[in-house]
Amino acid sequence: MEKNKNNLSVLLGAAFLMATSAIGPGFMTQTATFTTKIGADFAAVILISIIFSYIAQLNVWRVIAVSKMRGQDIANNVLPGLGYVIAFLVALGGLAFNIGNIGGAGLGLNVIFGIDVKIGAAIGGVIGIILFSSKSASSIMDRVTQILGALMIILIAYVAIKTQPPVAEAAKSAIKPAGGFNSIISPTLTLIGGTVGGYIIFSGGHRLIDAGITGEENLSQVTKSASLGIGVALIVRVLLFLAILGVTKMQGVQIDPDNIAASSFLAASGVVGYKIFGFVFAAAAFTSVVGAAYTSVSFLKTLFKFVADHENMVTIAFIVLSTIMFIFIGQPQTLLVVVGTLNGFILPITLAVILFASKNKKIVGDYVHSNILFILGWIVVAVTAFMGIQTVIANIGKLLG
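Residues numbered from 1 in each chain as written. Predicted model: local features only at pLDDT ≥ 70, side-chain atom pairs only at ≥ 80, totals over all residues. Heavy atoms only, no water.

### Quick notes on the overall build of the protein
Per the secondary structure count, the protein includes 17 helices and zero strands. Taking 21 Å as the expected radius of gyration for a compact globule of 401 residues, we find that the protein reaches 20 Å, a close match to that expectation. Reported as C-alpha extents along the three principal axes, the dimensions of the protein are approximately 65 × 55 × 45 Å. Relative to its full complement of 401 residues, the protein shows a buried share of 57%. Long-range pairs, those at least 24 residues apart, make up 84% of the contacts in the protein between residues at least 6 apart in sequence. A total accessible area of about 16600 Å² is found for the protein, and carbon and sulfur atoms account for 68% of it. (Helix = DSSP H or I, 4+ residues; strand = E, 2+ residues; numbered from the N terminus. Rg over C-alpha atoms; globule rule 2.2 N^0.38 Å. Buried < 20%, exposed > 50% of the residue type's maximum accessible area, 1.4 Å probe, protein only. Contact = heavy atoms within 4.5 Å. Areas by Shrake-Rupley, 256 points an atom, 1.4 Å probe, with all protein chains shown as cover.)

### Remarks on the pattern of salt bridges
Within this structure, the stated rule accounts for five salt bridges. Close ionic contact of K301 with D210 constitutes a salt bridge, the shortest N to O distance being 3.0 Å. Placement of the pair is K301 in the loop between α12 (260–298) and α13 (305–309) and D210 in helix α10 (residues 200–210), with a sequence separation of 91 residues. By relative accessible area, K301 is classed as buried at 10%. Given the relative accessible area of 30%, D210 is considered partly exposed. The partner of K305 in a salt bridge is D309, with the nearest N and O atoms 2.7 Å apart. Note that K305 and D309 are positioned in helix α13 at a spacing of four residues, about one turn of the helix. K305 sits in the exposed class, given a relative accessible area of 64%. Within the structure, one salt-bridge network assembled from shared partners comprises R70, D210, K301 and E311. (Salt bridge = Lys/Arg side-chain N within 4 Å of Asp/Glu carboxyl O.)

### A look at helix α5 (residues 82–113)
Between its first and last C-alpha, α5 extends 46 Å over 32 residues, near the 46 Å set by a 1.5 Å rise per residue. With 23 of 32 residues buried, α5 lies mostly within the body of the structure. Residue G114 follows α5 closely and has a positive phi angle near 80°. (Expected span 1.5 Å × (residues − 1).)

### Brief notes about the packing of aromatic side chains
Inspection of every chain in the model, using the stated rule, returns eight aromatic pairs. Taken together, a centroid distance of 6.2 Å and an interplanar angle of 85° make the contact between F374 and W378 edge-to-face. Taken together, the residues span about one helical turn, with F374 and W378 both in helix α17 (residues 371–399) at a distance of four residues. Of the residues examined, W378 reaches a relative accessible area of 26% and is grouped as partly exposed. In textbook terms, an aromatic cluster arises when at least three aromatic residues are bridged by ring pairs, as seen for F34, F42 and F241. Lying over the aromatic face of F374, K359 brings its terminal NZ or CZ to 4.9 Å of the ring centre. (Phe/Tyr/Trp six-rings, centres within 6.5 Å; stacked < 30°, edge-to-face > 60°. Lys NZ or Arg CZ within 6 Å of the ring centre and 35° of its normal.)

### Here's the deal with the environment of T302
Relative to the helices and strands, T302 resides in the loop between α12 and α13. Separated by 229 residues in sequence, T302 and D73 place their C-alpha atoms 7.5 Å apart. Beyond its immediate stretch of four places on either side in the chain, T302 contacts R70, Q72 and D73. Among the polar contacts listed, one links the side chain of T302 to the side chain of Q72, at a separation of 2.8 Å. A distance of 2.9 Å separates a polar atom in the side chain of T302 from a polar atom in the side chain of D73. (Polar contact = N/O pair within 3.5 Å; in protein donor to acceptor, adjacent residues only side chain to side chain.)

### As for the environment of M69
Structurally, M69 is set in the loop between α3 (42–67) and α4 (71–78). For the pair M69 and H206, spaced 137 residues apart in sequence, the C-alpha separation works out to 8.4 Å. Setting aside residues no more than four positions away along its own chain, M69 makes contact with I64, I74, N77, I209 and I363.

### What to know about a nonpolar patch on the surface
On the surface, a nonpolar cluster with roughly 410 Å² of combined accessible area is contributed by V320, I324, F328 and I329. With respect to the element layout, F328 can be found in helix α14 (residues 311–329). Overall, F328 belongs to the exposed group, its relative accessible area being 68%. (Patch = residues over 30% accessible without salt bridge, like charges linked within 9 Å, V, L, I, M, F, W, Y side chains within 5 Å.)

### Comments concerning helix α9 (residues 185–196)
Given a rise of 1.5 Å per residue, 12 residues ought to cover 16 Å, and the 17 Å separating the end C-alpha atoms of α9 matches this to within 8%. Of all 12 residues in α9, nine are buried, a share of seventy percent or more. For α9, the full list of buried residues reads P187, T188, L189, L191, I192, G193, G194, T195 and V196. A positive phi of about 55° marks G198, the residue just after α9.

### Points about the packing of α12 against α14
Two elements in contact, α12 and α14, have axes separated by 9 Å at closest approach and are oriented at 130°. Put simply, α12 runs oblique to α14. For the element pair α12 and α14, the recorded crossing hand is right-handed. On α14, the residues touching V289, A292, A293, Y294, S296 and V297 of α12 are E311, V314, T315, F318 and I319. Across the contact of α12 with α14, the residue classes tally to eight nonpolar, two polar and one charged. (Axes fitted to C-alpha atoms, helices over the stretch in contact; angles between N-to-C directions. Parallel < 35°, antiparallel > 145°, perpendicular 65-115°, else oblique. Left-handed = near helix turned anticlockwise from the far one by under 90°. Nonpolar A, V, L, I, M, F, W, Y, C, P; charged D, E, K, R; others polar.)

Here it is in structure tokens:
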């Protein structure tokens, strides 16, 4: 009975770790920006991106569980040395985006308490360090992500109800966007990467390995956990979209183009709404800090003995470095552009590796991977590879000025 209770806690923790890793400052900013830009048509973007994300996540988590290997080890078994390349890309991307997450924590605390953003960022970093300093870091991480994830859903739902969004219009646009499907290609590709790109897709799967919930006998539980993770990300995305859509339909409301999400919450519920935004933004940032640090280090620990022997210490160092870089350097644009370019290729590469592994008996044994998931997985690879090419073209333009 106790074991089943512990397993349930880990499965919920893995799901919320994945979901809250996805629900970072970038997630909120993307949703707010695209909603004000294309209105109700963003419902179609959410629907398509979540389907693609779910396909990718099911493929990755099931193969990880059956093989009992982390992403980098699977990659090394598919092609020797590839695991090191992927681990480097994931860790570098995780570090760069963690700088933004630390900044998001600072911004959220600034809204709530009025403290300087850099001081707030330092506080966020210290909280992360305290978490990973504990001998019970994994179980605490499970609980923290569950609690903050649930609170985010409740608070965003409150604002969504207050704005009285046109739900019927959004539901219709989800199936038939008014601007046509060509107009939503770019936002859709961006959202897929934001939901399961880089380290995010592996976060929950690696947590299950650490907890020993692997093997074909646990596949049904793994699938439920993966589904819950995507489901939580979907709920938050939809509620946030509806909240901001409702604000855009309100008469006489001025939305600050430099801070769309915050001004939308302020318009919806006054100072209370603004404080809610601060909490949600800080919670989203903090959980993303935890997810990015944990998963990035998990990609290194089977490749380097020092990391395996001092995992918590390395994770703490990861958070410290992210915090220092934000406080003293800010968000280095060139680094973010370069890593953003690399990150555009991480999902199609890692998913392709997983799909090759799913048919390799040396990796998955007698397990027979679903042909439907396999085919759909390759479709996602093709689409996200296109996204990567688009990212390269756009970012080369930025780098060249």
